[in-house]
Amino acid sequence: MKVTSNVWVVTLLAVGITAQLTRVEGSVFAQAAQPGAPPAGAPAAGGPPPLPTFDTSKPAKLDMANATARYRVAEQLVGLNVLSDAVGTTSTVTGSIVIAPDGSIAKDSKITVDMRTFSSDQEPRDNFIRTRTLETDKFPMLEFMPTRTKGLTLPLPSPPRIQAIGFQLVGNVTLHGVTKEVTFDVVATLRGGTVAGLARGSLLFADFKITKPSVPVLLSVDDKIQIEVEFRANRSAL
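Residue numbers restart at each chain and count upward from 1, following the sequence in its written direction. Only residues with pLDDT of at least 70 get local features here, since the model is predicted, and only at 80 or more are side-chain atom pairs given and counted; chain-wide, interface and lining totals rely on the full set of residues. Calculated side-chain values reflect all of the structure's heavy atoms, with hydrogen atoms and water omitted.

Caption draft 1: Highlighting the packing of aromatic side chains. For Phe, Tyr and Trp, rings pair up if their centres lie within 6.5 Å, where Trp contributes its six-membered ring, and each pair is then called stacked (planes under 30 degrees apart), edge-to-face (over 60) or tilted (otherwise). Tallying each qualifying case throughout the model produces two aromatic pairs. With centroids separated by 5.0 Å and ring planes inclined at 65 degrees, the aromatic side chains of Phe144 and Phe184 adopt a geometry described as edge-to-face. Taken together, the residues span a long stretch of sequence, with Phe144 in strand E5 (residues 141–150) and Phe184 in strand E7 (residues 178–191) at a distance of 40 residues. Each helix is a run of DSSP H or I of at least 4 residues and each strand a run of E of at least 2, with the numbering of both proceeding from the N terminus.

Written out as structure tokens, the structure is:
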């Protein structure tokens, strides 16, 4: 089974989010086309008011309010001719990111994932991953310290209506005692004081000196670990 590239997946997500936003805003556009309608951008009578905006000349702080981290590893089981994904999730994700108007990121920005709380649909797999693969007794946390962005509109927009954005977030991932630079593709929506979306990147077992799982029921395991973080962050201005 062919693995879909991150770029293609992110493109599809961007299209889906844009379509959703179009439906949300559709009634406003339709009303604006009617005779005697209020000027474009004015809230419709009885409709939702514009979302709160922020002073974009100040740094934007994004505090994680609710997030789910997920790993995906393609594996092939003995006796099967197709690949399947081993998936583990955790909601123990904390941290914050501060983005200056010029796009620079504060050095103390950090996102932390507690890998001891990863769980999947198979408890024996979870125990094996924790004790033999990730060795969470020695290396309990995955830390991501962002250093720069690519393709982000600057300063970070603060629109009066919902807006979708896509960009790349580059930074250093510390995992299993090793630190490597990793790029995450991000698709997000700006909704007043909330920034929500999905970040996706990939790591190599070998780069982080992680031994791939090897048990009798496994025929093969992919060299890559896909990391996904679905997040909702609260925005404030510093």
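Caption draft 2: Just the environment of Val186, in detail. Examined against the element boundaries, Val186 turns out to sit in strand E7. Counting along the chain gives 15 residues from Val186 to Gly201, while the straight-line C-alpha distance between them is 9.0 Å. Not counting residues within four places of it along the chain, the set of residues in contact with Val186 comprises Ile165, Gly166, Phe167, Leu169, Leu198, Ala199 and Phe231. We call two residues in contact when some of their heavy atoms are within 4.5 Å.

Caption draft 3: Region of the structure containing the environment of Val187. Structurally, the position occupied by Val187 is in strand E7. A simple rule labels every residue: compare its accessible area, found with a 1.4 Å probe on the protein chains alone, to the largest value its type can have, and call it buried under 20%, exposed over 50%, or partly exposed in between. Classification of Val187 as buried rests on a relative accessible area of 3%. For the pair formed by Val187 and Gln168, sequence separation is 19 residues and the distance between their alpha carbons is 8.7 Å.

Caption draft 4: Region of interest: the pairing of strand E8 (residues 194–204). The element E8 is largely enclosed, with a buried count of nine among its eleven residues. Here E7 pairs with E8 via seven bridges, running antiparallel. Paired with Thr189 across the two strands is Ala196, which belongs to E8. Strands were regarded as paired on the criterion that DSSP finds at least two bridges between them. One ladder, built from eleven bridges, connects E8 with strand E10 (residues 224–237); its direction is antiparallel.

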